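# Understanding the architecture of this molecule
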Number of protein chains: 2
Amino acid sequence: MTDDRWQPPSVLLAVDLVILTLRDARLHVLLVERGVEPYQGAFALPGGFLHDEGEAIEAAARRELAEEAGLFDMHLEMIGVYGEPGRDPRGRVVSVAHLAIAPRLPDPIAGTDAVSACWTPVEDVLSTSAHVRLAFDHRRILADGVDQARAKLEHTSLATAFCGETFTISELQQVYEAVWGVRLDPRNFYRKIQSARGFIVAAGPMRHAQNGRPARLFKAGPSQALYPPMVRSAQTGHDVRGGHAAEVAPEGG
Amino acid sequence: MTDDRWQPPSVLLAVDLVILTLRDARLHVLLVERGVEPYQGAFALPGGFLHDEGEAIEAAARRELAEEAGLFDMHLEMIGVYGEPGRDPRGRVVSVAHLAIAPRLPDPIAGTDAVSACWTPVEDVLSTSAHVRLAFDHRRILADGVDQARAKLEHTSLATAFCGETFTISELQQVYEAVWGVRLDPRNFYRKIQSARGFIVAAGPMRHAQNGRPARLFKAGPSQALYPPMVRSAQTGHDVRGGHAAEVAPEGG
DNA sequence: CGAATAGTGTCTTTCAGACAATATATT
DNA sequence: AATATATTGTCTGAAAGACACTATTCG
């Protein structure tokens, strides 16, 4: 199929980060203002190139998480690969997008060398009449990341990653409401969560911020899987991940 | 963070394919025997390097699908990225793994230039006492691909990709039974499938191979999402995808 | 006490799972 | 007729969703 002198082309490998958190009961994503071309001055997802040829991909993602957001030890998982030939004017750049979930944090992000980093409501970027435009194909990456987070709330314990070490059941409910954009009945949610085996375990009582009866504290349980799953009653006919596939690389290990 | 002369490293980009199909009511994967080093003579997933710098990743996957398996127009979706620094002795090779689903096909794969391609029961590769060893990290890629297929049967219409243009409900049931490795009640399955809105639509009657009442024919419906979802009653406490994340590349678009 | 949140109990509907019964084909 | 598969119907238990009600805090 190819002649003997053919050599495979090489590409630049990057990582991009969709870092989500909850602020004011709304889902926010961390954006940075680009200081260099291309797209200088535009907002973009944090990310960057592999540091050296021996750096593992996840290691690069965690390095960027620390360098650009000052965040450590967070939940991190892969979203997918974005490598369309024309997506970056600097050449063939293939980016591995990652989803990171941050617990509630103090407003200013400490230790960030990108001073321009700021939390932005996801809605302001993804809504049809969005007023925030992102560089590259980062709007799609964000959309895919949010979709993945929404889907995983259904049958994994991902929601606890949005909370601190300990949390109340109503805090957990706020996570579902913010990420899914729905309202849930607190009483049914309470029973549902407790019936999910291994999802949460008790961790002592607490008093609430303002008024009302104090709530019990819990921490994340051992189960990664969530059974029975949390179900979004009315499926919002959105497209399911897959159908648009990715592409690349033969004979490789 | 880096000095002015720093240049990002480049990597070789590959695609690998987990091509699944049903044969004798068992899940099979297409393997090829490697003709060159490394791992010469060992079995591996079909795949290869990007053909040229301008080739899209999905295009490369479809090209390999045609070249190595003689397959066209199949369901194709991304599994993930495998780029551990030491995974390929030839250097830093990052592979984008894809999942392809093939409908029932005649035994020999026509038009394949890799004559060594053969369908192998997935169980023979993944069972703890497996007698088929794969090159590189292809065993893990296969495991991840099969997990992804299993998960997607629950809430998408992926199962129809295993069938031909038209199919009977019992054929669809065989897909679930083979991929999940469980036995399902035909009567409950029948009602369940028909209650899923937009999953399948009628396509005229047929007669069955041997004996028994002829079954109605259906074809895939418009829905990609499956609601209500098919549920695997007893969650086999397997690890949920995620938790082990991927890594790489900053400042990239 | 009144307001607000936490937590429990109950009822109705929906759906999964078991399984009887009927329908329509082949040999 | 015997056998085999397709399709429908019925019943039971688990769980979702609606919602009344009790418990415990603060001001």
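Residues numbered from 1 in each chain as written. Chains lettered and ligands numbered in written order. Predicted model: local features only at pLDDT ≥ 70, side-chain atom pairs only at ≥ 80, totals over all residues. Heavy atoms only, no water.

An unreviewed UniProt entry annotates chain A as NUDIX domain-containing protein originating from Nonomuraea roseola.

One finds A:Leu13, A:Ile19, B:Leu13 and B:Ile19 to be the most contacted residues of the largest nonpolar core, which totals 48 residues. The residues contacting A:Ile19, other than those within four sequence positions of it, are A:His28, A:Val29, A:Leu30, A:Pro46, A:Leu65, A:Ala69, A:Leu71, A:Met74, A:Ala100, A:Ala102 and A:Trp119. (Core = buried A, V, L, I, M, F, W, Y, C linked by side-chain atoms within 4.5 Å. Buried < 20%, exposed > 50% of the residue type's maximum accessible area, 1.4 Å probe, protein only. Contact = heavy atoms within 4.5 Å.)

It is worth spelling out the packing of helix H3 (residues 138-155) of chain B against helix H4 (residues 169-180) of chain B at this point. Residue and element names in this part refer to chain B. Contact pair H3 / H4: the axes reach a minimum separation of 10 Å and the direction vectors enclose 140 degrees. It follows from the interaxial angle that H3 and H4 lie oblique. Seen along the crossing, H3 lies across H4 with a hand that is left-handed. Residues Arg-150, Leu-153 and Glu-154 of H3 touch H4, and the partners they reach there are Val-175, Tyr-176, Val-179 and Trp-180. For the contact of H3 with H4, the residue count by class is five nonpolar, no polar and two charged. (Axes fitted to C-alpha atoms, helices over the stretch in contact; angles between N-to-C directions. Helix = DSSP H or I, 4+ residues; strand = E, 2+ residues; numbered from the N terminus. Parallel < 35°, antiparallel > 145°, perpendicular 65-115°, else oblique. Left-handed = near helix turned anticlockwise from the far one by under 90°. Nonpolar A, V, L, I, M, F, W, Y, C, P; charged D, E, K, R; others polar.)

Moving on, we get to the protein's contact with DNA strand C. Near DNA strand C, the surroundings consist of 24 residues, among which A:Arg213, B:Arg187, B:Asn188, B:Lys192 and B:Arg207 are the closest. Elements with a contribution of two residues or more to the surface near DNA strand C: helix H5 (186-195) of chain A together with helix H5 (186-195) of chain B. Here the surface near DNA strand C is built from residues that sort into five nonpolar, nine polar and 10 charged. (Near = heavy atom within 4 Å.)

With that settled, the discussion passes to the pattern of salt bridges. Following the criterion strictly, the structure yields 26 salt bridges over all chains and no others. The shortest N-O distance in the salt bridge between A:Arg90 and A:Asp88 comes to 2.7 Å. What makes A:Asp88 buried here is its relative accessible area of 3%. Ionic pairing is found between B:Arg183 and B:Glu177, a salt bridge with its closest N-O pair at 3.6 Å. B:Glu177 gets classed as buried once you look at its relative accessible area, which sits at 13%. (Salt bridge = Lys/Arg side-chain N within 4 Å of Asp/Glu carboxyl O.)

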